[in-house]
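Coordinate analysis (summary)
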Amino acid sequence: TTAPTPAPTSVPTVAPTIAPTLAPVPTDTCVDEPLGWYDIDGPYFDCAWYAQSNYCVIYGDSYANNGVTANMACCACGGGDNPSPSSAGGELSVSSYLLLSETTFDEPSPLWTTRSSSYLLKRKGNWMARIRKNQSLTLEDLDVPNECATIRVDFSYYTVGFEDGDKFKVETKYNDEGVTKFVNEGEFVCGEDFENDPNKAFNDDVIVEFPTYGQSQLTIQISNDSNEGNDRLFLDAIKVECGVTDTSSNSIAPQKPKQGRRV
């Protein structure tokens, strides 16, 4: 009798162990640069603060600390080390201008005021504002209609006693944000943009225009940023208008201008 052939015993195949694939380490991560940056007003105003609301747009080019602004340092503002690409802004299409405020200082109570009670001066029958060094002429709490996309400030001026490098500037505070920071909307430097007028005549005009950023109320000031006691800035015929957007065009929000315009 032939002995039966034993059935072969199958050796189970060991399933291969698949090594887990490690997620690639991103090489394009943005890092705030310099790390821990904050603006000139102190540690509270850091990149996390600028990431709120539209602070990058409004304040991001101002308040530099050691020459670095939020728009340069913070990833949230399009800066930092290896920033994300950002789309370029375009020109805002303004179809018309709406007068918001006008003063010649002949009014009994001009809306533009200073902390000094002696800022009004009458010369040759004409009233004007006289701004001493480190003082500002301020228009408080200007209401901005919803249809306004820009604010345009237009005024006549002359200076006395300014030296090369002395300047005056136009600044804005956006009241809706609840922040006390003023933004420099345009500055004008003696020796570069203007000279003292020996005739003391209002022959020069300044026009500064800037976006409203959707704010419903602004405070505007014109500041004498000179350094000597005899430096004087004289102002007259200040007009504030708002630019109404052309709603028929596909305009996008404007980039904030770096400088005002002298005409």
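Just so you know, these numbers come straight off a predicted model, no measurement behind them. By convention here, each chain's residues receive numbers from 1 onward along its written sequence. Totals for whole chains, interfaces and linings use every residue, but because this is a predicted model, local features are given only for residues with pLDDT of at least 70 and side-chain atom pairs only at 80 or more, for both listing and counting. Note that water and hydrogens are dropped before the side-chain values are worked out from all heavy atoms of the structure.

1. Some points on the overall build of the protein
Just so we agree on the cut-off: Helix and strand labels come from DSSP, where a helix needs a run of H or I of at least four residues and a strand needs a run of E of at least two; each type is numbered from the N terminus. Burial here depends on accessible area, computed with a 1.4 Å probe over protein chains only, as a share of the maximum for the residue type. Under 20% is buried, over 50% is exposed, and the range in between is partly exposed. Accessible surface area values rest on a Shrake-Rupley calculation with a 1.4 Å probe, where residue burial reflects the displayed protein chains alone.
Of the regular secondary structure elements, the protein holds three helices and 12 strands. The buried share among the 263 residues of the protein stands at 41%. Split by element, the accessible area of the protein, about 14,900 Å² in all, is 50% carbon and sulfur.

2. Concerning the confidence of the model for the protein
Rules: On a scale of 0 to 100, pLDDT captures the predictor's confidence in every residue. By definition, residues are in contact when any of their heavy atoms lie within 4.5 Å.
With 78% of its residues at a pLDDT of 70 or more, the protein has an overall mean of 82. Contacts of residues 248-263 to residues separated by more than four positions or lying in other chains number 50 contacts, the stretch itself having pLDDT below 50.

3. Comments concerning the state of the cysteines
Going by this rule: Pairs of cysteine sulfur atoms within 2.5 Å are identified as disulfides in what follows.
Under the counting rule described, the total for this entry stands at four disulfides. Two residues, Cys-30 and Cys-75, share a disulfide whose sulfurs are 2.0 Å apart. Measuring handedness by torsion sign, the sulfur bridge of Cys-30 and Cys-75 sits at about -90 degrees and is left-handed. You can see Cys-30 sitting in the segment before helix 1 (47-50) and its partner Cys-75 sitting in the loop between helix 3 (70-73) and strand 1 (94-103), a full 45 residues away along the chain. With a relative accessible area of 25%, Cys-75 lands in the partly exposed category. Here Cys-47 is linked by a disulfide to Cys-74, with a sulfur-sulfur distance of 2.0 Å.

4. Structural notes on empty space enclosed by the protein
Condition: Think of a 1 Å grid over the protein atoms and nothing else: a 1.4 Å probe that fits but is trapped marks a cavity, an open set flanked by protein within 12 Å on at least five of seven lines marks a pocket, and residues with an atom within 4 Å of a point count as lining. Grid points are joined across faces, edges and corners, and a volume is the space filled by probe spheres set on the points. Nonpolar residues are Ala, Val, Leu, Ile, Met, Phe, Trp, Tyr, Cys and Pro. Charged residues are Asp, Glu, Lys and Arg, and all others, Gly as well, are polar.
A full pass over the atoms with the stated rule returns one cavity of 30 Å³ or more. Roughly 40 Å³ of volume is contained in the largest cavity. Lining the largest cavity, in full, are Tyr-157, Tyr-158, Thr-159, Phe-194, Glu-195, Asp-197, Ala-201, Asn-203 and Asp-204. Residue contributions to the lining of the largest cavity peak at three residues, all from strand 6 (residues 148-160). Looking at the lining of the largest cavity, its residues break down into four nonpolar, two polar and three charged.

5. Some thoughts on the environment of Ile-40
When you line up the elements, Ile-40 lands in the segment before helix 1. In the structure, Ile-40 is positioned 24 residues away from Ala-64 in sequence and 5.8 Å away in space, judged by C-alpha atoms. Apart from residues no more than four positions distant in its own chain, Ile-40 is found in contact with Tyr-63, Ala-64 and Asn-65.

6. Considerations on the packing of aromatic side chains
Our working definition: Stacked, edge-to-face and tilted are the three classes for Phe, Tyr and Trp ring pairs, Trp counted by its six-membered ring, which pair at centre distances within 6.5 Å; planes under 30 degrees apart are stacked, over 60 edge-to-face, the rest tilted. Comment: the charge-over-ring label is applied if NZ (Lys) or CZ (Arg) is within 6 Å of the ring centre and within 35 degrees of the ring normal.
For the structure on display, the rule yields 17 aromatic pairs. Within the aromatic cluster, the residues linked to one another by ring pairs are Trp-37, Tyr-44, Phe-45, Trp-49, Tyr-50, Tyr-55 and Tyr-59. In this structure, Lys-181 packs its charged tip against the face of Phe-45, placed 4.0 Å from the ring centre. The lysine or arginine in question, Lys-181, covers the ring of Trp-49, its NZ or CZ lying 5.9 Å from the ring centre.

7. Comments concerning the nonpolar core
Counted only if it meets this: For our purposes a nonpolar core is just a set of buried Ala, Val, Leu, Ile, Met, Phe, Trp, Tyr and Cys residues, chained together by side-chain atoms within 4.5 Å.
Tyr-50, Tyr-59, Phe-155 and Leu-235 are the most contacted members of the largest nonpolar core, which has 52 residues in total. Excluding its chain neighbours within four sequence positions, the residues that come into contact with Tyr-50 are Trp-37, Asp-39, Phe-45, Tyr-55, Cys-56, Tyr-59, Gly-60, Ser-62, Tyr-63, Ala-70, Cys-77 and Lys-181.

8. Describing the pattern of salt bridges
Put simply, the test is: Every case where a carboxyl oxygen of Asp or Glu lies within 4 Å of a side-chain nitrogen of Lys or Arg is listed as a salt bridge.
Enumeration according to the criterion identifies six salt bridges in this entry. Asp-41 is the salt-bridge partner of Lys-181, the closest N and O atoms lying 2.7 Å from each other. Taken together, the residues span a long stretch of sequence, with Lys-181 in the loop between strand 7 (167-174) and strand 8 (183-189) and Asp-41 in the segment before helix 1 at a distance of 140 residues. On the basis of relative accessible area, Lys-181 is assigned to the buried category, the value being 3%. Two residues, Glu-187 and Lys-167, come together in a salt bridge whose shortest N-O distance is 3.6 Å. With Glu-187 in strand 8 and Lys-167 in strand 7, this pair connects stretches of sequence that are 20 residues apart. Put simply, Asp-39, Asp-41 and Lys-181 are held in one network by salt bridges that share partners.

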